[in-house]
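Next come the chains, spelled out residue by residue.
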Amino acid sequence: MPDTSARLLALLGLLQSRPEWRGSELSVRLGVTGRTIRNDIDRLRALGYPVDAERGPSGFYRLGVGAHLPPLLLDDDEAIAVAIGLRTATGIAGVEESTARTLAKIDQVLPGHLRGKVEAIASAVDQGPANTDSPVEDPEIDPAVLAETAEAIRREEWVRFDYRDEPRVVEPYRLVSWQRRWYLVGRDPDSRKWATFRLDWMKLRMPTRRRFAPAPMAENDYVDFVVREVASTGWNVHARIRVLASSADVLTRINPAVGVVEAVSDDECVLVTGADSVETIAVYIGMLGMPFRVSEPPELVDAVRRLGARYAEAAAG
């Protein structure tokens, strides 16, 4: 039998799950006697939960009007996970208002040091456009990297990190979530050039505590910038593919998130794209439904040959 506190939480959860419960049903679900259920109901009432009871053969227990949730206890990583989930849900049609209300309620019960992390993430994150899924396993993001980067954005402080073993210092401006990957949009303090950085490739170093005067992009430009930059720098594999069709025709066939199209002539263009595997690129370019030529990288050429042979064999059989 679970201890009293765990049993009370389980009982409260049952009472919240449907309008009415018979005492015998609660006894069976919790594995205790009817007397224990009655005592636990009294304990819930003493804690401020109004539980109504109807006595008699058809009697029942019901959580009364004014019931509230038990205290919400989250450690740092759980608070970050809640903020990420709620921020993602804001892009789902029909739940924007309820998501905002939920985030506000959670904010009320969080202690100050967790509230700052949640607010930083909520204010620093944008989402890129949806696109076709990838068979490559999703990268793992260290919650501490996400939270500390968001804090640096909120505090307007330089962030120092190693990026694929190369030391970097940037002015952080925005976090963008796209294709289940996270990107930091930052600016080099010396060259003043904008760049994107995948968070799963970042290893944070000691905080700089050095403030900067922000010179941000327009609010809606961060996602577009990430989409353009990822096409040329943000994937494990990149490719420039000759497509024997006009750039206008190619743009009508692809999601803008796939890559950047560069016009060469009226009937030829170059698609700059990428993915986390050559196999993914090979499948994507075949879905264009247009003639194309691939000359590099060699791994992509081999992947296209293998895929072509597989399709040819399937059609012959």
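Residues numbered from 1 in each chain as written. Predicted model: local features only at pLDDT ≥ 70, side-chain atom pairs only at ≥ 80, totals over all residues. Heavy atoms only, no water.

Draft legend 1. Layout of the overall build of the chain. Looking only at helices and strands, one finds 11 helices and 12 strands in the chain. Taken across its 317 residues, the chain has 40% of its residues classed as buried. Taking the intrachain contacts of the chain between residues at least 6 apart in sequence as the baseline, contacts between residues at least 24 apart amount to 61%. (Helix = DSSP H or I, 4+ residues; strand = E, 2+ residues; numbered from the N terminus. Buried < 20%, exposed > 50% of the residue type's maximum accessible area, 1.4 Å probe, protein only. Contact = heavy atoms within 4.5 Å.)

Draft legend 2. Highlighting the packing of aromatic side chains. Tallying each qualifying case throughout the model produces 7 aromatic pairs. Seen in terms of ring centroids, Tyr163 and Trp201 are 6.1 Å apart; in terms of plane orientation they differ by 55 degrees. Their pairing is tilted. Pair noted here: Tyr163 is in strand S4 (residues 159-163) and Trp201 is in the loop between strand S7 (194-198) and strand S8 (202-204), with a separation of 38 residues, a long-range link. Of the two residues, Tyr163 and Trp201, both sit in the buried class. Residues Trp194 and Tyr222 carry aromatic rings whose centres are separated by 6.4 Å and whose planes lie at 80 degrees to one another, so their mutual orientation is edge-to-face. Here the residue Trp194 occupies a position in strand S7, and Tyr222 occupies one in helix H8 (residues 221-233), the gap between them amounting to 28 residues. By way of ring pairs, the aromatic residues Phe161, Tyr163, Phe197 and Trp201 are connected into one cluster. (Phe/Tyr/Trp six-rings, centres within 6.5 Å; stacked < 30°, edge-to-face > 60°.)

Draft legend 3. Spotlight on the nonpolar core. Core analysis: the largest hydrophobic core is formed by 23 residues, its most contacted members being Leu146, Phe161, Leu175, Leu184, Phe197, Leu199 and Met202. Ranked by the residues each element gives to this core, the list is headed by helix H7 (residues 143-155), at 6 residues. The next biggest cluster of nonpolar side chains, apart from the first, holds 20 residues, and it includes Cys269, Val278, Ile285 and Met290. (Core = buried A, V, L, I, M, F, W, Y, C linked by side-chain atoms within 4.5 Å.)

Draft legend 4. Quick peek at helix H3 (residues 34-46). The first and last C-alpha atoms of H3 sit 19 Å apart over 13 residues, in line with the 18 Å expected at 1.5 Å per residue. Of all the residues in H3, the buried ones are Thr36, Ile37, Asp40, Ile41 and Leu44. Angularly, the buried residues of H3 cover 140 degrees about the axis, an arc narrow enough to put them on a single face. H3 presents Arg35 and Ala46 as exposed residues on the side facing more than 90 degrees away from its buried surface. (Expected span 1.5 Å × (residues − 1). Arc of directions from axis to C-beta.)

Draft legend 5. How the structure looks around the sheet that holds strand S11 (residues 268-275). Taken in spatial order, the 4 strands make up an open sheet running S10-S11-S9-S12, and their pairing is antiparallel. Each edge of the open sheet is held by one strand with a lone partner, namely strand S10 (259-265) and strand S12 (292-293). Sheet topology places strand S9 (residues 237-243) next to S12; 2 bridges connect them, and they run antiparallel. When the bridges of S12 are listed, Arg242 appears paired with Arg293. Contacts from helix H10 (residues 278-286) reach S9, S11 and S12, with the element oriented near 25 degrees to S9. (Pairing = 2+ DSSP bridges. Axes fitted to C-alpha atoms, helices over the stretch in contact; angles between N-to-C directions.)

Draft legend 6. Inspection of the packing of helix H1 (residues 4-17) against H3 at higher detail. Put simply, H1 and H3 touch, their axes get as near as 10 Å, and they point 85 degrees apart. Considering the angle they form, H1 stands roughly perpendicular to H3. Across the interface between the two elements, Thr4, Arg7, Leu8, Leu11 and Leu15 of H1 pack against Thr36, Asp40, Ile41, Arg43 and Leu44 of H3. Across the contact of H1 with H3, the residue classes tally to 5 nonpolar, 2 polar and 3 charged. (Parallel < 35°, antiparallel > 145°, perpendicular 65-115°, else oblique. Nonpolar A, V, L, I, M, F, W, Y, C, P; charged D, E, K, R; others polar.)

Draft legend 7. Summary view of the pairing of S10. By the bridge criterion, 6 bridges tie S10 to S11 in an arrangement that is antiparallel. Residue Ala263 lies in a different strand from S11, and its bridge partner there is Cys269. The turn linking S10 back onto S11 is made up of 2 residues.

Draft legend 8. Geometry of a negative patch on the surface. On the surface, a cluster of negative charge is contributed by Asp76, Asp77, Glu78, Asp142 and Glu148. By the secondary structure assignment, Asp142 is in the loop between strand S3 (125-127) and H7. Under the relative-accessibility criterion, Asp142 is labelled partly exposed at 42%. (Patch = residues over 30% accessible without salt bridge, like charges linked within 9 Å, V, L, I, M, F, W, Y side chains within 5 Å. Areas by Shrake-Rupley, 256 points an atom, 1.4 Å probe, with all protein chains shown as cover. Salt bridge = Lys/Arg side-chain N within 4 Å of Asp/Glu carboxyl O. Lys, Arg positive; Asp, Glu negative; His and termini not counted. Charge placed at Lys NZ, Arg CZ, Asp CG, Glu CD.)

Draft legend 9. Structural context of unusual backbone geometry. Of the consecutive residues Glu296 and Pro297, the connecting peptide bond is found in the cis state with omega at -5 degrees. Mapped onto the elements of the fold, Pro297 is located in the loop between S12 and helix H11 (298-316). Positive phi, close to 60 degrees, is recorded for Glu156, a residue that is not glycine. According to the relative accessible area criterion, Glu156 is partly exposed, its value standing at 28%.

Functional significance is not addressed by these values, which are geometric in nature.
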